[in-house]
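Spelled out from the first residue to the last, the chains are:
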Amino acid sequence: MSSTTDSYTTWDSYVASLVGSGKIAMAAIYGHDGGLWAKSEGLDLVAGEFEKISSGFEDPANLRMSGTYIGGTKFMTNQTDKSFIFAKYKSPSEENPNPNPNNFDCVMCAKTIHAIIIACVPDNGTQAGEARAVIQSIADHLIGLGY
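These remarks concern the structure in this document. Throughout, residues of each chain are indexed from 1 in the direction in which the sequence is written. Under the rules for a predicted model, residues below a pLDDT of 70 receive no local features and side-chain atom pairs below 80 are neither given nor counted, while totals for whole chains, interfaces and linings still include all residues. Computation of side-chain values covers all heavy atoms of the structure but excludes hydrogens and water.

**Some remarks on the overall build of the protein**
Runs of H or I in DSSP of at least four residues are treated as helices and runs of E of at least two as strands, each being numbered from the N terminus. Each helix and strand in the protein was counted, giving 4 helices and 7 strands. Going residue by residue from the N terminus, the α and β elements of the protein occur as α-β-β-α-α-β-β-β-β-β-α. Throughout, radius of gyration means the C-alpha value; the globule benchmark is 2.2 Å times the number of residues raised to the power 0.38. For 147 residues, the compact-globule formula gives about 15 Å, and the C-alpha radius of gyration of the protein, at 14 Å, lands near that figure. Considered along the principal axes of its C-alpha atoms, the protein spans approximately 45 × 30 × 25 Å. Any residue under 20% of the maximum accessible area for its type is buried, any over 50% is exposed, and the rest in between are partly exposed; the area is computed with a 1.4 Å probe on protein chains only. Each of the 147 residues in the protein was classed as buried or not, and the buried ones make up 45%. We call two residues contacting when some pair of their heavy atoms lies within 4.5 Å. Residue pairs in contact within the protein that sit at least 24 positions apart in sequence constitute 51% of those at least 6 positions apart. Shrake-Rupley sampling with a 1.4 Å probe provides the accessible areas, and residues are treated as covered by the protein chains on show and by no other component. About 7,000 Å² of surface is accessible on the protein, with carbon and sulfur atoms providing 52% of the total. In this charge count, Lys and Arg are treated as positive and Asp and Glu as negative; neither His nor the chain ends contribute. By convention, the charge on Lys lies at NZ, on Arg at CZ, on Asp at CG and on Glu at CD. Mean positive and mean negative side-chain charge positions of the protein (10 and 16 charges, respectively) differ by 6 Å.

Take a look at the structure:
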């Protein structure tokens, strides 16, 4: 499945739904092949970040050791399994300057049959469980549609 054969509007509507929930600040949907299907403006992954996330579903050891990165910002990977990754922002220290220009509290990634959803949760008091419910709802919907 690629964005060249699917409607951008449809994929954009899923990103808009995630962000419109008020529980997600920015989101993106990628195909398993790394092709971008839709994203929030300003959510730009640095080279290699998607590949590391994608491989982390099957082999989470690297994510657990070195963290999950979004746009160059490091998040400590707290939970991984075959379909979900949860990573919390690691505050900067003298030894590890870690800017967080978008003020994200955490990042959650959900894997479906053909897609990977990346969702950035704002540091505004949103509970991780609330954000996960929104992301999981979209992921379950896409799985139900064969994506």
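There is more to say, and it comes next.
**Here's the deal with the packing of aromatic side chains**
Ring pairs shown here join Phe, Tyr and Trp side chains whose ring centres sit within 6.5 Å, with only the six-membered ring taken for Trp; geometry is labelled stacked below 30 degrees between planes, edge-to-face above 60, and tilted in between. Tallied over the full model, the rule gives 6 aromatic pairs. Here the aromatic residues Trp11, Tyr14, Trp37 and Tyr147 are joined through ring pairs into a cluster of three or more. When the ring centre of Phe84 is taken as reference, the NZ or CZ atom of Arg132 above it lies at 3.7 Å. By definition here, charges over rings are those cases where NZ of Lys or CZ of Arg is within 6 Å of the ring centre and within 35 degrees of the ring normal.

**Some details on helix 2 (residues 49–56)**
Burial runs high along helix 2: 6 of the 8 residues are buried. Among the residues of helix 2, those classed as buried are Glu49, Phe50, Lys52, Ile53, Ser54 and Gly56. Contact partners of the buried residues in helix 2: strand 1 (26–31), helix 3 (61–66), strand 3 (68–70), strand 5 (84–89), strand 6 (104–111) and strand 7 (115–122).

**Some thoughts on unusual backbone geometry**
A positive phi angle, near 55 degrees, is found at Asn103, a position not held by glycine. The topology assignment puts Asn103 in the loop between strand 5 and strand 6. Judged by its relative accessible area of 43%, Asn103 falls in the partly exposed class.

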